[in-house]
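# A structural walkthrough
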Amino acid sequence: MKIKPVIPRALAKRDVDEAITWYLDEHAVQAALGLVDALEQAYAHIARHPSTGSMRYALELNLPGLRSWPLKNYPYLIFYVESTDSIDVWRVLHSQRDIPAWLLDDPPA
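Below, the structure is looked at part by part. (Residues numbered from 1 in each chain as written. Predicted model: local features only at pLDDT ≥ 70, side-chain atom pairs only at ≥ 80, totals over all residues. Heavy atoms only, no water.)

So, about the pattern of salt bridges. This structure, assessed with the given rule, holds 6 salt bridges. Ionic pairing is found between Arg-56 and Glu-60, a salt bridge with its closest N-O pair at 2.8 Å. With Arg-56 and Glu-60 both in helix α3 (residues 56-61) and 4 residues apart, this pair spans about one turn of that helix. (Salt bridge = Lys/Arg side-chain N within 4 Å of Asp/Glu carboxyl O. Helix = DSSP H or I, 4+ residues; strand = E, 2+ residues; numbered from the N terminus.)

Structurally, Leu-24 can be placed in helix α1 (residues 10-25). When its relative accessible area of 40% is taken as the criterion, Leu-24 is described as partly exposed. (Buried < 20%, exposed > 50% of the residue type's maximum accessible area, 1.4 Å probe, protein only.)

This next bit is on the side chain of Ser-86. Looking at the secondary structure, you find Ser-86 in the loop between β3 (76-82) and β4 (87-94). Beyond its immediate sequence surroundings of up to four residues, Ser-86 is in contact with Lys-4, Pro-5, Ile-7 and Val-81. (Contact = heavy atoms within 4.5 Å.)

Here we have 4 strands laid out as an open sheet, ordered β1-β4-β3-β2, and mixed in their pairing. Two strands close off the open sheet at either side, each with one partner strand: β1 (6-8) and β2 (66-70). Strand-to-strand twist of the sheet, defined as the mean angle between neighbouring strand axes without regard to direction, takes the value 35°. In this sheet, β4 lies alongside β1 in parallel orientation, the contact comprising 3 bridges. Bridging from a neighbouring strand, Val-6 pairs with Ile-87 of β4. (Pairing = 2+ DSSP bridges. Axes fitted to C-alpha atoms, helices over the stretch in contact; angles between N-to-C directions.)

Here helix α2 (residues 29-48) is 20 residues long and its end C-alpha atoms lie 29 Å apart, about the 28 Å a rise of 1.5 Å per residue gives. Considered for burial, the residues of α2 that qualify are Ala-32, Gly-34, Leu-35, Ala-38, Leu-39, Ala-42, Tyr-43, His-45, Ile-46 and Ala-47. On its buried side, α2 packs onto β1, α1, β2, β3 and β4. (Expected span 1.5 Å × (residues − 1).)

The next point concerns α1. The end-to-end C-alpha distance of α1 is 22 Å, a good match for the 22 Å that 16 residues give at a rise of 1.5 Å each. Leu-11, Ala-12, Asp-15, Val-16, Ala-19, Ile-20 and Tyr-23 are the residues of α1 that are buried. The inward-facing, buried residues of α1 abut β1, α2, β3 and β4. After α1 finishes, the residue His-27 shows a positive phi value of roughly 60°.

So, on to the packing of aromatic side chains. Per the counting criterion, the structure on display carries 3 aromatic pairs. Aromatic side chains Trp-22 and Tyr-23 sit 5.2 Å apart centroid to centroid with 75° between the ring planes, which places their arrangement in the edge-to-face category. On the basis of relative accessibility, which here comes to 48%, the residue Trp-22 falls in the partly exposed class. A relative accessible area of 12% means that Tyr-23 is categorised as buried. A centroid spacing of 5.9 Å and a plane angle of 90° characterise the contact between Tyr-23 and Tyr-74, whose relative ring orientation is edge-to-face. Remark: Tyr-74 occurs in the loop between β2 and β3 and Tyr-23 occurs in helix α1; sequence separation between them is 51 residues. Take Tyr-23 and Tyr-74: they sit in the same class, and that class is buried. Members of the aromatic cluster, each reached through a chain of ring pairs, are Trp-22, Tyr-23 and Tyr-74. (Phe/Tyr/Trp six-rings, centres within 6.5 Å; stacked < 30°, edge-to-face > 60°.)

Limitation: the analysis is restricted to geometry and does not speak to function.
Okay, here's the thing in structure tokens:
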């Protein structure tokens, strides 16, 4: 099994920064740290097993190859596409948002 590097796009990094900032603004430092840990664990999982992510949004949005993976104990989904050499993370979005609208804010390159 080949472990592929996980490469977040700028929007994915911004999504994570906003989530962490929200927890910190709520004085939930442990939750913010837990989110970082959950994200690291999720990235490690998709680096090893990229095909295990859900293809639900790929079908809904007609974006072939798009997969999502949930963060453990947090209401966030990682949206990514596997390429030959890496995992391209498009977004990290709260699961209660209008996911299709938020995903399409950054059309595929």
